[in-house]
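For reference, the chains in residue letters:
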Amino acid sequence: MYGKGLRPLSIATVVAIAAAFSLVFFYAPLDADQGFIQKIFYLHVPLAITALIGFVVGGVFAILHLRSGDRRWDAYSYVSIHMSVIFGVAVLITGGIWAKASWGHWWVWDEPTLVSFLIVFLMYATYYPFRYAIEDPERQARYASVFAVTAGAFVPLNFMAVRMAESLVHPRTFATANGGLPGEMMFTFLGCLTAIALLWVTLVKLELTAKSASGQLKRLRRALDAPAPGAGSRIAPEVS
Amino acid sequence: MNAPRVTPTRSAFAAILAKDLRAELRTLQSLPAMALFATTTFVIFRFGLDRTSLSGSLASGVLWATLLFAALLGVNRLFVAEREEGGFDAIRLAPIDRTALFAAKAAALLVYLLVLELVVVPIFALFFLGSAAALAPLALVLLLADLGIAATGTLISSMAVHSRARDLLGPLVLLPLVVPLMIAATGATEPLLAVGGPGYERFGTWLAVLSLYDLIFLLVGYAVFDFLLED
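Numbering of residues starts from 1 in each chain and follows the order in which that chain's sequence is written. All chains are assigned letters beginning with A, and all ligands numbers beginning with 1, in the order in which they are written. In view of the model being predicted, local features appear only for residues whose pLDDT reaches at least 70, and side-chain atom pairs are presented and counted only at 80 or more, with totals across whole chains, interfaces and linings using the full set of residues.

**Notes on the overall build of chain A**
Argument step 1. A count of helical and extended segments in chain A gives 7 helices and 0 strands.
Argument step 2. Whether a residue is buried, exposed or partly exposed follows from its count of other C-beta atoms within 10 Å of its own C-beta, namely 20 or more, 12 or fewer, or something in between, respectively; the C-beta atoms are built from the backbone. Across the 240 residues of chain A, 38% fall into the buried class.
Argument step 3. Here, residue contact means that the backbone-derived C-beta atoms of the two residues sit within 7 Å. Put simply, of all contacts in chain A between residues at least 6 apart along the chain, 80% involve residues at least 24 apart. Strands here mean DSSP runs of E at least two residues long; helices mean DSSP runs of H or I at least four residues long; both are numbered from the N terminus.

Shown next as C-alpha cells:
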C-alpha cells in the first residue's frame with residue numbers, strides 16, 4: 001500500500017531535479033562576489049532547509065504516535081528523521097566545501113548557522129544508539145517518539161543560543177527586508193528547494209515501502225512456518 | 001459511587017522527594033562521588049592547562065565543563081534504584097499522578113547539583129580565582145543552569161535506565177541536548193570571572209536564555225513523562 005504512487009513521484013522528482021540543475025547552470029547569473037562556487041548554494045541551502053523541516057516533521061509524527069498509539073506513525077517518524085540525518089551529512093559536506101572555497105577554511109567556528117546545524121546533527125545522530133538500546137519494541141517506539149519530540153523543541157532553541165553567542169559572518173541571504181536575492185536567483189533557488197523536498201518525500205516513501213514489504217514477507221514466512229534467514233532485523237520499526 | 005481516592009500530587013511529590021533525599025543521605029551513593037570527581041578534575045585542569053589561576057573564558061569553561069560532567073554522574077544514578085528495586089512498579093500501582101515522579105526526581109537532582117556546587121564552587125574559587133566577588137551573581141547563573149540540567153537530565157535518565165547500555169546512553173543523548181544551556185551559562189559566567197572584577201556584559205540576555213531553556217524543557221518533561229511510565 002505504501003508503494004502506491006511511488007513511480008509517478010519518482011519520475012516527478014527526477015524531472016524536478018534535472019530542471020532545477022539546468023536552471024542552476026544555464027539560467028541563474030554568476031554571483032558577482034563569489035563567482036562559480038556560489039552555485040553550491042543552490043544545493044547546500046535547500047538540503048539544509050529540507051533536513052531541518054524533516055526533523056520537525058519527524059517530531060510531529062512522533063506526537064501523532066504518542067497521541068494515537070498507532071505504530072505506523074512511529075515508522076513515519078523514524079524514516080523522516082533517518083532521511084534528514086542522511087541529508088544532514090550532505091549539508092555538512094557541501095557546507096564545508098563552500099566554506100573552504102569562500103572563506104579558505106573547511107570549518108569556521110564563528111559562524112552560527114554551521115555550528116547550530118552541527119549541534120542539531122549530533123543530537124539526532126544519537127537517535128540510533130538510543131533507539132536500538134531499548135529492546136522491547138513497544139517501549140522502543142514510545143521512547144523514540146519522546147526523543148523526537150524533545151529534540152524537535154531543542155532545534156529552534158539551539159539556533160537561537162548559537163546565533164547569540166557568535167559573530168555574524170554567515171551570509172544570511174533572506175534576512176534583509178526584500179529578500180536580498182535578485183529575481184532569477186530566487187526563482188532558481190525555489191526550484192531547487194522544490195526538487196530537493198520532492199527527493200526527500202520520494203526517499204521517505206521508498207524506505208517505508210521497503211520496510212512494509214519486508215514486514216509482509218516476514219509475516220508470510222511465519223505463516224508458512226519457515227524460519228526467516230537470519231534473525232529479525234532490529235534496524236527498523238516494522239511497518240504493517 | 002465514590003470517586004477513586006487519589007493522593008494529591010503535592011503530597012506524592014513531597015513523599016518521593018523525601019524518600020530520595022533520605023536514601024541519598026543514608027547511602028551517600030551520588031553526592032560524595034560527584035564532589036570528589038569535580039575536585040579531582042580541577043586538579044587535572046591545573047596541570048592540563050598549566051595555570052595556577054584562571055580568569056574569563058578559560059575559568060568559565062573549566063568550571064562548567066567540570067560541573068556538567070560531575071552532574072552526569074548524578075544523572076546516571078537517578079533512576080537506578082527505582083529500576084532495580086521495583087520503584088517504577090510501585091509508582092505505577094500507586095493512585096498518584098505520574099508527573100509527581102518527574103517533578104520529584106527533577107527536584108532531587110536539583111538539590112544534588114546545588115549541594116555539589118555549594119562544595120566545589122568555593123573550592124574552584126580557592127584554587128583558581130583571586131577573589132570571591134563573582135560568587136554572588138554566579139549563584140544566580142548556577143541556579144538557572146541547574147534547573148535546566150535537572151529537567152533534561154531527569155527526562156533522559158528515565159529513558160536511558162530502561163535501555164541495555166544505560167551508563168553510556170544517558171551522557172550520549174544528554175550532552176548535545178545541554179549545549180544551548182552551556183552556551184548561555186558560559187556566556188553569562190565569562191564576564192563575571194574577568195580579570196578586573198565581575199562584569200555584566202549581556203548578563204540579562206543570557207539569564208533570559210537560561211530561563212527560556214528551563215521553561216521549555218520543564219514543559220516538555222511534564223508533557224511527555226506520562227508516556228515513559230506506561231507499560
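**Here's the deal with the overall build of chain B**
Argument step 1. Scanning chain B from terminus to terminus reveals 10 helices and 0 strands.
Argument step 2. Order of helices (α) and strands (β) in chain B, N terminus to C terminus: α-α-α-α-α-α-α-α-α-α.
Argument step 3. For chain B, the C-alpha radius of gyration of 19 Å lies close to 17 Å, the compact-globule estimate for 231 residues.
Argument step 4. Projected onto its principal axes, the C-alpha coordinates of chain B cover approximately 70 × 35 × 30 Å.
Argument step 5. Of all intrachain contacts in chain B linking residues separated by at least 6 positions in sequence, the fraction that spans at least 24 positions is 84%. Throughout, radius of gyration means the C-alpha value; the globule benchmark is 2.2 Å times the number of residues raised to the power 0.38.

**A short note on the nonpolar core**
Argument step 1. Think of a nonpolar core as buried Ala, Val, Leu, Ile, Met, Phe, Trp, Tyr and Cys residues chained together by C-beta atoms that fall within 7 Å. One finds Leu181(B), Ala184(B), Ala185(B) and Leu210(B) to be the most contacted residues of the largest nonpolar core, which totals 131 residues.
Argument step 2. The dominant element in this core, judged by the number of residues it contributes, is helix H6 (residues 99–128) of chain B, at 15 residues.
Argument step 3. With residues up to four places along the chain from it excluded, the contact list for Ala184(B) reads Ala161(A), Trp206(B), Val209(B), Leu210(B) and Tyr213(B).

**With respect to the interface of chain B and chain A**
Argument step 1. In this assembly, 25 residues from chain B lie in contact with 24 residues from chain A.
Argument step 2. Looking at the side of chain B that touches chain A, the elements that each hand over two or more residues are helix H7 (135–160), helix H8 (166–177), helix H9 (179–192) and helix H10 (203–229) of chain B.
Argument step 3. It is H10(B) that provides the largest number of residues to the side of chain B that touches chain A, a total of 8 residues.
Argument step 4. Just so you know the grouping, Ala, Val, Leu, Ile, Met, Phe, Trp, Tyr, Cys and Pro go in nonpolar, Asp, Glu, Lys and Arg go in charged, and all remaining residues, Gly too, go in polar. Of the residues belonging to the side of chain B that touches chain A, the class tally is 19 nonpolar, 4 polar and 2 charged.

**Some details on the environment of His44(A)**
Argument step 1. You can see His44(A) is positioned in helix H2 (residues 41–68).
Argument step 2. Sequence-wise, His44(A) and Ile93(A) are 49 residues apart; in three dimensions their C-alpha atoms are separated by 8.8 Å.

**Digging into the environment of Leu9(A)**
Residue and element names in this part refer to chain A.
Argument step 1. Within the secondary structure, leucine 9 sits in helix H1 (residues 6–27).
Argument step 2. The class of leucine 9 is partly exposed, set by 15 C-beta atoms lying within 10 Å.
Argument step 3. Taking the C-alpha atoms as reference, leucine 9 lies 28 Å from arginine 219; in sequence the two are 210 residues apart.
Argument step 4. Setting aside chain neighbours within four positions, we find leucine 9 in contact with Val201, Thr202 and Lys205.

**Observations concerning the confidence of the model for chain A**
Argument step 1. pLDDT is defined as a per-residue confidence score from the predictor, taking values between 0 and 100. Of all residues in chain A, 87% have pLDDT values of 70 or greater, and the mean over the chain is 83.
Argument step 2. Within chain A, H2(A) carries the highest mean pLDDT (91), whereas helix H6 (residues 137–165) of chain A carries the lowest (87).

**Observations regarding the packing of helix H3 (residues 56–77) of chain B against H9(B)**
Residues and elements named next belong to chain B.
Argument step 1. Axes, fitted as lines to C-alpha atoms, cover a helix only where it is in contact. Angles between the N-to-C directions of the axes lie from 0 to 180 degrees. Closest axis-to-axis distance for the H3/H9 pair is 8 Å, and the angle between their directions is 140°. Classified by the angle their axes make, H3 and H9 are oblique. Relative to H9, the crossing made by H3 is right-handed. Where H3 abuts H9, its residues Gly56, Ser57, Ser60, Gly61, Leu63, Trp64 and Leu68 lie against Met182, Ala185, Thr186, Thr189 and Glu190. In this scheme, roughly parallel covers angles under 35 degrees and roughly antiparallel covers those over 145, while 65 to 115 is roughly perpendicular and the rest are oblique. A crossing counts as left-handed when the near helix is turned anticlockwise from the far one by less than a right angle, and as right-handed when that turn is clockwise.

**Topic: H9(B)**
Argument step 1. Spanning 14 residues, H9(B) covers 20 Å between terminal C-alpha atoms, matching the ideal 20 Å at 1.5 Å per step.
Argument step 2. Of all 14 residues in H9(B), 14 are buried; the element is thus mostly enclosed. Multiplying one less than the number of residues by 1.5 Å gives the expected span of a helix.

**Quick look at the confidence of the model for chain B**
Argument step 1. On average, chain B scores 89 in pLDDT, and the residues at 70 or more come to 98%.
Argument step 2. ipTM for the predicted complex: 0.83, alongside a pTM of 0.84.

**With respect to the packing of H7(B) against H8(B)**
Residues and elements named next belong to chain B.
Argument step 1. Where H7 contacts H8, the axes come no closer than 9 Å and their chain directions differ by 150°. Between H7 and H8 the crossing geometry is right-handed. Taken together, the residues of H8 that come into contact with H7 (itself represented by Thr152, Gly153, Ile156, Ser157 and Ala160) are Arg166, Leu169, Gly170, Val173, Leu174 and Leu177.
Argument step 2. Looking at the contact of H7 with H8 residue by residue, the classes come out as 6 nonpolar, 4 polar and 1 charged.

**Overview of helix H2 (residues 31–48) of chain B**
Residue and element names in this part refer to chain B.
Argument step 1. In this model H2 runs 25 Å from its N-terminal to its C-terminal C-alpha over 18 residues, within 8% of the 26 Å that 1.5 Å per residue would give.
Argument step 2. Within the sequence span of H2, burial applies to Met34, Ala38 and Phe45. Axial view of H2: buried residues confined to an arc of 35°, hence all on one face. Structural note: H2 exposes Pro32, Thr40, Val43, Ile44 and Phe47 on the side pointing more than 90 degrees away from its buried face.
Argument step 3. Aspartate 50 lies just past H2 and shows a positive phi near 55°. Arc definition: it is the arc formed by the directions from the helix axis to the C-beta atoms.

**Quick look at the environment of Thr209(A)**
Residue and element names in this part refer to chain A.
Argument step 1. Here threonine 209 lies in helix H7 (residues 183–223).
Argument step 2. Taking the C-alpha atoms as reference points, threonine 209 and phenylalanine 36, 173 residues apart in sequence, are found 39 Å from one another.
Argument step 3. If we skip the residues at most four places from it in the chain, threonine 209 touches Tyr2, Gly3 and Leu6.

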